[in-house]
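Residues per chain are reported as follows:
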Amino acid sequence: QQWVMPFSSTVLSAALVLGWLPYETISGIMYVLVVRPYDIGDRIVIADIGRPPTGFEQLIVSEIGLTCTRVICWNGEQH
């Protein structure tokens, strides 16, 4: 009978913590797939602090994935 309270507290805590995991995962996927801040072929400008005099770099979006976005520089180099 002494194990019931610690066990139930542990199970309840795990359920509370893991309950947010699917929500965060689904909301992240929905943001990338539905909202999409940019599309393939869009020209984006990124601030590059170490690059004088303008400090900006223009890139073209070539691929959008769940965990990364690939871009092409003005010289054709892909990142």
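The structure reproduced in this document is the subject of the present report. (Residues numbered from 1 in each chain as written. Predicted model: local features only at pLDDT ≥ 70, side-chain atom pairs only at ≥ 80, totals over all residues. Heavy atoms only, no water.)

Secondary structure summary: the protein chain contains one helix and three strands in total. Taken over the C-alpha trace, the protein chain has a radius of gyration of 22 Å; the compact-globule value for 79 residues is 12 Å, which it surpasses by more than 25%. With respect to the three principal axes, the spread of C-alpha positions in the protein chain is 70 × 30 × 20 Å. Within the protein chain, the proportion of its 79 residues that are buried is 11%. Across the protein chain, the fraction of contacts at a sequence separation of at least 24, relative to all contacts at a separation of at least 6, is 14%. The averaged location of the 7 negative side-chain charges in the protein chain is 4 Å from the averaged location of its 4 positive side-chain charges. (Helix = DSSP H or I, 4+ residues; strand = E, 2+ residues; numbered from the N terminus. Rg over C-alpha atoms; globule rule 2.2 N^0.38 Å. Buried < 20%, exposed > 50% of the residue type's maximum accessible area, 1.4 Å probe, protein only. Contact = heavy atoms within 4.5 Å. Lys, Arg positive; Asp, Glu negative; His and termini not counted. Charge placed at Lys NZ, Arg CZ, Asp CG, Glu CD.)

Let us now look at the nonpolar core. In this structure, Val 32, Ile 44, Leu 59, Val 61, Ile 64, Val 71 and Cys 73 together form the largest nonpolar core, which totals seven residues. Per-element accounting of this core gives the leading share, three residues, to strand S2 (residues 56-64). Leaving out residues up to four positions away in the same chain, Val 71 has contacts with Ile 44, Leu 59, Ile 60, Val 61, Ser 62, Glu 77, Gln 78 and His 79. (Core = buried A, V, L, I, M, F, W, Y, C linked by side-chain atoms within 4.5 Å.)

Consecutive side chains of a regular strand alternate in pointing toward one face of the sheet and then the other. Pairing of strand S1 (residues 43-47) with S2, which is carried by five bridges, proceeds in the antiparallel orientation. For Ile 46, the partnering residue across the bridge sits in S2 and is Glu 57. Sheet topology places S2 next to strand S3 (residues 69-72); four bridges connect them, and they run antiparallel. Residue pairing across strands places Ile 64 opposite Thr 69, the latter belonging to S3. The turn linking S2 back onto S3 is made up of four residues. (Pairing = 2+ DSSP bridges.)

Within the open sheet, the three strands sit side by side as S1-S2-S3. Their pairing is antiparallel. Both edges of this open sheet fall to S1 and S3, since each of them pairs with a single strand only. Between one strand and the next, the sheet's axes are offset by a mean angle of 50 degrees, whatever the strand orientation. (Axes fitted to C-alpha atoms, helices over the stretch in contact; angles between N-to-C directions.)

Attention shifts here to helix H1 (residues 4-35). One turn of the α-helix equals 3.6 residues, which is why residues spaced by three or four share an orientation. Helix length check: H1, at 32 residues, gives a terminal C-alpha distance of 46 Å against a target of 46 Å (1.5 Å per residue), a fit within 8%. Positive backbone phi, approximately 40 degrees, marks Arg 36, located one or two places after H1. (Expected span 1.5 Å × (residues − 1).)

These results come straight from atomic positions and should not be treated as a statement about function.
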